[in-house]
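Below are the chains, spelled out letter by letter.
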Amino acid sequence: NARFVTITATSSDTGIAKGQAAGGGAITITGARADTSSDQSTTANVGAGSTINAQSVTLRSINAEALDTQSEALAFGLATGGGALASNKATGDAVVSIGANAQVTAANITVSAKNAFQKTYFQDRGEANLSSASVSVGGVTALLSDTVIGTEGDEFTARIDVAIGAKLTSNGTNANPGQLKLETLTDINALDGVETQAYGLAGISLGKSQIESNARSKVNIDGASLRSMAGNVEITARSNSYARTDV
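Residues numbered from 1 in each chain as written. Predicted model: local features only at pLDDT ≥ 70, side-chain atom pairs only at ≥ 80, totals over all residues. Heavy atoms only, no water.

Enquirer: Explain the pairing of strand β10 (residues 156–162) here, please?
Expert: Every regular strand shows the same layout, with side chains that alternate between the two sheet faces. In terms of burial, β10 is largely enclosed, as six of its seven residues are buried. Where β10 lies against strand β14 (residues 215–221), seven bridges are found, and the strand directions are parallel. Residue V162 lies in a different strand from β14, and its bridge partner there is I221. (Buried < 20%, exposed > 50% of the residue type's maximum accessible area, 1.4 Å probe, protein only. Helix = DSSP H or I, 4+ residues; strand = E, 2+ residues; numbered from the N terminus. Pairing = 2+ DSSP bridges.)

Enquirer: Explanation requested: the pattern of salt bridges in the structure shown.
Expert: Oppositely charged side chains can form a pair if their charged atoms are brought close together. For the structure on display, the rule yields four salt bridges. Taking the shortest distance from any N to any O, the salt bridge between D68 and K119 comes out at 3.0 Å. Here K119 lies in strand β7 (residues 108–119) and D68 lies in strand β4 (residues 56–90), a separation of 51 residues in the sequence. Residues D68 and K119 agree in their burial class; the two are buried. (Salt bridge = Lys/Arg side-chain N within 4 Å of Asp/Glu carboxyl O.)

Enquirer: In this structure, what is going on with the environment of N63? I would like to understand it.
Expert: The residue N63 is located in strand β4 in this model. By relative accessible area, N63 is classed as buried at 0%. For the pair N63 and S11, spaced 52 residues apart in the sequence, the C-alpha separation amounts to 4.9 Å. Those residues in contact with N63 that lie beyond four places of it in its chain are S11, Q40, S41, T42, G92, D93, A94, K114, N115 and A116. A polar contact of 3.3 Å, which involves the side chain of N63, links it to the side chain of E65. Here the side chain of N63 touches N115 through a polar contact of 3.0 Å, side chain to side chain. (Contact = heavy atoms within 4.5 Å. Polar contact = N/O pair within 3.5 Å; in protein donor to acceptor, adjacent residues only side chain to side chain.)

Enquirer: It is not clear to me how the sheet that holds strand β15 (residues 225–228) should be interpreted in this structure. Could you clarify?
Expert: Taken in spatial order, the four strands of this open sheet run β3-β6-β11-β15, and their pairing is parallel. Edge strands, defined here as strands with exactly one partner in the open sheet, are β3 (51–53) and β15. Each adjacent strand pair in this sheet contributes to an overall mean axis angle of 5 degrees, direction not counted. In terms of strand pairing, β3 meets strand β6 (residues 103–106) through three bridges, oriented parallel. Within β6, the position partnered with T51 by the bridge is Q103. (Axes fitted to C-alpha atoms, helices over the stretch in contact; angles between N-to-C directions.)

If you want it as structure tokens, here you go:
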């Protein structure tokens with residue numbers, strides 16, 4: 001029992017990686033690779049059979065992942081081969097779990113889960129994520145920038161689980177209405193750029209930039225009770241995603 005109850009799980013994870021390779025000679029092969037990966041997750045949990053009575057209850061889980069990579073390869077010679085690889089992978093979750101037969105009673109109840117991913121560090125600075133240059137009589141350059149945000153078997157998820165028998169009750173009055181709100185959000189902002197240059201009598205340059213997203217925002221209510229004595233019950237699952245590649 002309390003006037004205000006707030007349960008918050010928060011994580012902020014940042015990973016920036018840079019790789020560079022350069023070489024010169026009659027026959028030169030160079031390569032550079034930079035990788036980042038995060039499976040950081042957050043969970044706010046109300047255990048099975050728990051009871052919370054308050055004027056206002058807030059349960060929230062916030063997971064923020066910021067990853068980016070940059071890789072450069074330079075080669076000079078009669079015959080050259082150059083390559084650069086940059087990869088980013090994020091599979092973390094933001095979860096709020098309300099266990100079986102738990103009871104939460106308050107005028108205002110807010111339950112929220114937000115999972116955010118950002119890959120903009122180098123593009124915000126006007127820099128390419130991958131770049132390669134070769135000067136030769138004959139040369140081959142290959143670049144690949146790959147970003148994976150969630151996979152088919154491990155989605156990038158914002159989720160609220162309300163288990164069987166759980167009761168969430170907003171006990172506001174007509175004079176002072178309350179609110180009962182459950183909301184989830186996945187928010188993705190990913191920018192990527194590749195630049196490749198080859199100079200010589202015969203030169204081949206290949207560049208590829210790809211961003212894959214498997215995100216899910218959901219509210220699971222399994223045999224639970226959500227009730228507002230005087231006010232609204234709002235259940236929202238949203239996903240925002242902006243991805244741009246430039247080659």
